[in-house]
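# Examination of the molecular architecture
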Amino acid sequence: MTGNPKASVRIGALRAGAFRAGALLAAISLAACASADRGDAGAALPAQERALPHGYVEGAEELAEPRPRLVIGDAGTGAARVLDLVTGAVTAVAPTAKAAGGTGSAGGGIGRSTGGAAEGFHGVGSDGRFAYLDALGGTATRVVDGGVWTVDHGDHSHYYLTGARDIGVLPGPRAVRVLGDAAVTAVSFADGTARVLDRAALEKGDLVETARLDVGRHGVVVPYGEHLLVAGGAAAGTAKDGVDVRARDGRPAGRVGVPCPEPLGAAVTRRGAVFGCADGALLVTVKGGRFTGEKIRYPDEAPRHDRAREFHHRPGSATLAARAGDAGVWVLDVSARGWTFLETGPTLAVTATGDGAPVLSLSPDGTLRAYDPGSGEETAATRLLAAPATGPGTTPAPVIQADRTRAYVSDPAAEVVHEIDYNDDLRRARTFDLGFTPGAMVETGW
Amino acid sequence: MVTAPPKARMKARVKAQVKARVKAQVKARMASLMSSRSTPLTKVPAAVRRVSSTTWRAASTGRRRAASSVPLLAAIALVASLAVAGCADADERRPAVVVTTNILGDVTRRIVGDEAEVTVLMKPDADPHSFAVSAREAAVIEKAALVVHNGLGLEEGVLRNVEAAAQSGVPTLAVGEHVDPIRFATATPGDAGQADRNGATDGGGSASEERPDPHFWTDPRRMAMAVDVIAERITHEVDGVDAAAVRANAARYRAEIEALDAWIRERFATVPPDRRKLVTNHHVFGYLAERYGFTVVGAVIPSGTTLASPSAADLKTLADTVRAAGVRAIFADSSQPDRLARVLATEAGLEVRVIPLFTESLSERREGGATYVAMMRSNAEAMVGGLTGR
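Quick caveat, the model's predicted, so the values are computed rather than measured. Along each chain, residues carry numbers from 1 onward, in the same order as the chain's sequence is written. Here the convention is simple: chains get letters from A, ligands get numbers from 1, in the order in which they are written. Note on the predicted model: pLDDT of at least 70 is required for a residue's local features to be given, and 80 or more for side-chain atom pairs to be given and counted; whole-chain, interface and lining totals, by contrast, use all residues. Heavy atoms throughout the structure, all of them, feed into the side-chain values; hydrogens and water do not.

## Section: the overall build of chain A
Each helix and strand in chain A was counted, giving 4 helices and 35 strands. Relative to its 446 residues, chain A shows a buried fraction of 58%. Counted over contacts in chain A with a minimum sequence separation of 6, partners at least 24 positions apart contribute 50%. Each accessible area value is a Shrake-Rupley result obtained with a 1.4 Å probe; residue values ignore everything except the protein chains displayed when judging cover. By element, 52% of the accessible surface of chain A is carried by carbon and sulfur atoms, the whole surface being about 16400 Å². Runs of H or I in DSSP of at least four residues are treated as helices and runs of E of at least two as strands, each being numbered from the N terminus. Three labels apply to residues, based on accessible area from a 1.4 Å probe with only protein chains included: buried if under 20% of the type maximum, exposed if over 50%, partly exposed otherwise in between. Residues are treated as being in contact if the distance between any of their heavy atoms lies within 4.5 Å.

Laid out in structure tokens, this is it:
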């Protein structure tokens, strides 16, 4: 800054004039200058008003590569903890002053992510930086800043690191889905309401809603294309079929006319936003501000399995996995516009790791299995969990999270998290000792 | 004060009062000096006059000159009076050139010299793609005599501000557009981040081949062109600058960059042509490669979690790339360069060095990257060292 030499000139002047009255005189005139300089085009700007990168937080550091962290709920005490996957350190999440003083946060425990009955609850999700965990026995959602995030610039990405912290608690009966973009994050609850949170405010440590929507039991809200896509939501006065396009504050902005009966489940991929419908999936894409819908129907010749109700995948990836009741797993290849059914039988958890990469499922006997998403064949299996699942609600359900190179599987009975190299026959790369029973588990830093 | 005036007016009034008081004191002090000392002080008023009608930088030289030739007490008085004069000048601003990136900031400062203020928006060690400006800085841009930016899509965070300034009549210069930009050769999987380990992408980003590559500074010859373009625009757009002085500065700096180009050429000549391959996860060396006959080989660099417990499969893509290129060094950002080199040796049987380079920002943190010329020399030296195995 050109201001710096000037500042040093003044300091120099102060030193030169450091003789009795002279010093005082100089000091007075210096003070006058400092205020006169404000707003001068050539002047130095105060440090706190200097350029701030996207998602800047005091003390954030740019990194050469991703820095994934797992935010994990302690099923025993209800505390949130962070497992840094590069350092291996487990740390308690310090509540911010705001979070500590916030409503309902006193003693706010993170509830168990119960298996079986709680279809698709993964305790519950992330927008890349913030983890949203079931709290207070499913009556609220705790929001934790994982302190790691990625800014995507299309041809390359930037990675940032800062301290993890507790942002506060969102009231609402059991969150079921979290989907976010650069500006907002939509948290959908089991009662059909959705809260849309302002991302910039979250970065400052504030929970600020830009919109609250009631979409009914069959209703889905997806931030996509700088808008909110709302499927279903008859209760909110939207048409029964098709998808509403709304501004981020909830105001109507348009419509996609392709029907999506009984919408349940959604995901955002690089190929577009995906809604689960009774007859298949609805892919919504945007080009030049225009939203278009395309239906990907369930295969006609397939046996009558349960429909997909909630999608799981590596963030951004265009291959999705969803449980089909206890029969198996649906795999949706968004790029190829096709479904594949995997005959897995009942599963505790499932996810897709990427396009052409293995789909992972965890059997009730504690075996992790890898499937080729194209052929549907099992390619690897490994006995992973310390104890088989004994029944819904007894212990927290295991959770699978996946990133570009590794998957993480929580093992509540053993109080550990397994790191799995899914491209190497499900090799167990590392095992992290937690010292507590993991409940909800969400990966951040993407 | 009788009534409570608005804050701003009160501030102005206080300032005026302080100023007046100081001025009066200085005057009195000067008068007493004049009458009581026999030392000739003819130089002092001249210096003061000069200062009051010009700038702070001039003020400092004026003061230095004066201080050495007048007695101590006079110097004290002078210092104070100069400070006051400087304040008066804050209102009649010098023409300001605002530059977005710190690389162009360094270049522009060398061209402008003492002829105008140069404000650089991007801090050292920051990221040109994502840095943004405060409201105050946005105001600075709108008041600028000229805004110099890289263009070609580099500064996404401030593009809006630059466009707004242009619309309100501020002259702007997108330097990259004037230096014969090249297109991104291919989307390199290494820096894409979107690429899977197996090289597959999630799709959507196939348009990168169509986009111009904004990182022209890695070619010094293009930077020399940029110097001419910037100098030309400054002499045309910025009132009150001495055009001859700016042209002289530019010529001097251009010669420095031409010498840099010659030096780099000489250094690269020591690398056998079949070894001029940059295996890298950086996406900025397309221009350098074109200028000096290098090939950029995009690479995915395994990250921290992968390096913690890697398998041969984790390193296969990179190892295959390195083997195919037949190089002894990779140029990469890695949080654990030593660990990466070690696992490449143990898991893939490859002996390679992992060398960092300066890419998109001048650096205060790392030595050798404080100026454009220093950054280019550091990079060239690192490349030669890595590729020749010295």
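What follows picks up the thread again.
## Side note on the sheet that holds strand E29 (residues 367-371) of chain A
Residue and element names in this part refer to chain A. Strand pairing is defined by DSSP finding a minimum of two bridges between the two strands. Taken together, the 4 strands give an open sheet; going across it, the order is E27-E28-E29-E30, and neighbouring strands pair in antiparallel fashion. This sheet does not close on itself; its edge strands, each paired only once, are strand E27 (349-352) and strand E30 (378-383). Each adjacent strand pair in this sheet contributes to an overall mean axis angle of 15 degrees, direction not counted. In this structure, strand E28 (residues 359-362) lies alongside E29, joined through 4 bridges in antiparallel fashion. Its bridge partner being in E29, leucine 362 is matched across the sheet by leucine 368. Only the stretch in contact is used when a helix axis is fitted, and all axes are lines through C-alpha atoms; the angle between N-to-C directions ranges over 0 to 180 degrees.

## Here's the deal with the side chain of B:Asp106
Residues and elements named next belong to chain B. Relative to the assigned elements, aspartate 106 resides in helix H5 (residues 102-112). Nearest to the buried, unbridged aspartate 106 among oppositely charged side chains is arginine 110, at 5.8 Å. Setting aside chain neighbours within four positions, we find aspartate 106 in contact with Tyr253, Leu362, Thr371 and Tyr372. A positive count includes Lys and Arg, and a negative count includes Asp and Glu. His and the chain ends are not counted in either. We count a salt bridge whenever a side-chain nitrogen from Lys or Arg sits within 4 Å of a carboxyl oxygen from Asp or Glu.

## Some details on the pairing of strand E5 (residues 277-280) of chain B
Residue and element names in this part refer to chain B. Note: E5 against strand E6 (residues 295-298), 4 bridges, orientation parallel. Bridge pairing links lysine 277 to threonine 295 in E6. You can see the chain leave E5, run along helix H11 (residues 286-292) and come back into E6, and the turn it takes is right-handed. Taken together, the 2 bridges between E5 and strand E7 (residues 329-331) define a ladder with parallel strand orientation. Looking at the pairing, valine 279 lines up with isoleucine 330 of E7. By convention a crossover is right-handed if, when the strands point away from the viewer, the path from the first strand over the helix to the second runs clockwise.

## Side note on the nonpolar core
Residues and elements named next belong to chain B. Each nonpolar core is a collection of buried residues, namely Ala, Val, Leu, Ile, Met, Phe, Trp, Tyr and Cys, held together in the definition by side-chain atoms within 4.5 Å. Of all hydrophobic cores here, the largest spans 83 residues; its most connected members are Met223 and Tyr372. Examining the composition of this core, we find that 9 residues originate from one element, helix H15 (residues 372-388), more than from any other. Looking at this core, you find at least three residues from each of domain 2 (96-184 + 205-260) and domain 3 (271-388). Beyond its immediate chain neighbours, meaning those up to four positions away, methionine 223 contacts Ile103, Leu104, Val107, Phe216, Trp217, Ile257 and Tyr372. Segment limits for the domains were obtained from an automatic or database-derived domain assignment.

## Some words on the state of the cysteines
Residue and element names in this part refer to chain A. In what follows, a disulfide is any cysteine sulfur pair within 2.5 Å. The full count for this structure, using the stated rule, is 1 disulfide over all chains. The partner cysteine of cysteine 260 in its disulfide is cysteine 277, sulfur to sulfur 2.0 Å. Sign of the S-S torsion, about -105 degrees for the bond between cysteine 260 and cysteine 277, identifies this disulfide as left-handed. One end of the pair, cysteine 260, is in the loop between strand E19 (252-256) and strand E20 (266-269); the other, cysteine 277, is in strand E21 (residues 272-277), and 17 residues separate them in sequence.

## What about unusual backbone geometry?
Residue and element names in this part refer to chain B. Within the chain, aspartate 125 stands out as a residue other than glycine whose phi angle is a positive 65 degrees. Inspection of the secondary structure puts aspartate 125 in the loop between strand E2 (117-120) and helix H6 (135-142). The exposure class of aspartate 125 is partly exposed, given its relative accessible area of 23%. In this structure, leucine 152 takes a positive phi of about 60 degrees despite not being glycine. For leucine 152, the position within the fold is in the loop between strand E3 (146-149) and helix H7 (159-167). Leucine 152 sits in the buried class, given a relative accessible area of 14%.

## A few points about the environment of B:Glu364
All names here are of chain B. Among the secondary structure elements, glutamate 364 is positioned in the loop between strand E8 (353-355) and H15. Look at glutamate 364 and you get exposed, because its relative accessible area is 67%. For the pair formed by glutamate 364 and proline 124, sequence separation is 240 residues and the distance between their alpha carbons is 6.0 Å. Here glutamate 364 is in contact with Pro124 and Asp125, once residues within four sequence places are set aside.

## Description of the confidence of the model for chain B
Residue and element names in this part refer to chain B. Note: pLDDT gives the predictor's confidence per residue, expressed from 0 to 100. Chain-level pLDDT for chain B is 77 on average; 69% of the residues reach the 70-or-more range. Segment residues 73-92 is flagged for pLDDT under 50; beyond a separation of four residues in sequence, or across chains, it makes 49 contacts in the model. In the predicted structure, residues 186-209 sits below a pLDDT of 50 and forms 59 contacts with residues beyond four places in sequence or in another chain.

## Structural notes on the packing of helix H10 (residues 243-268) of chain B against H15(B)
Residue and element names in this part refer to chain B. At a minimum axis distance of 10 Å, the contact between H10 and H15 shows a crossing angle of 5 degrees. Taken together, the axis directions place H10 and H15 in an arrangement best described as roughly parallel. Along the contact surface, H10 presents Tyr253, Glu256, Ile257, Leu260, Trp263, Ile264, Arg267 and Phe268, while H15 presents Tyr372, Val373, Met376, Arg377, Ala380, Glu381, Met383 and Val384. Polarity classes work like this: nonpolar for Ala, Val, Leu, Ile, Met, Phe, Trp, Tyr, Cys and Pro, charged for Asp, Glu, Lys and Arg, and polar for all others, with Gly in that last group. Among the residues making up the contact of H10 with H15, the classes are represented as 12 nonpolar, no polar and 4 charged. Throughout, the term roughly parallel applies to angles under 35 degrees, roughly antiparallel to angles over 145, roughly perpendicular to angles from 65 to 115, and oblique to all others.

## Notes on the environment of B:Thr101
Residue and element names in this part refer to chain B. Topologically, threonine 101 is positioned in the loop between strand E1 (96-99) and H5. For threonine 101 and methionine 122, which are 21 residues apart along the polypeptide, the C-alpha to C-alpha distance reads 5.2 Å. Those residues in contact with threonine 101 that sit more than four places away from it in its chain are Val120, Met122, Pro128, Asn150, Leu154 and Glu155. Within polar-contact distance, the side chain of threonine 101 engages the backbone nitrogen of leucine 104 at 3.2 Å. What qualifies as a polar contact is a pair of N or O atoms within 3.5 Å, subject to a donor-acceptor requirement within protein and to the restriction that residues adjacent in sequence count only when both atoms come from side chains.

## Comments concerning H7(B)
All names here are of chain B. All of the buried residues along H7 are Asn161, Val162 and Ala165. The buried residues of H7 occupy an angular sector of 100 degrees when the element is viewed end-on, so they sit on one face. Those residues of H7 that are exposed and aimed more than 90 degrees away from the buried face are Arg160 and Gln167. Glycine 169 lies just past H7 and shows a positive phi near 95 degrees. Read the arc as the range of directions from the helix axis to the C-beta atoms.

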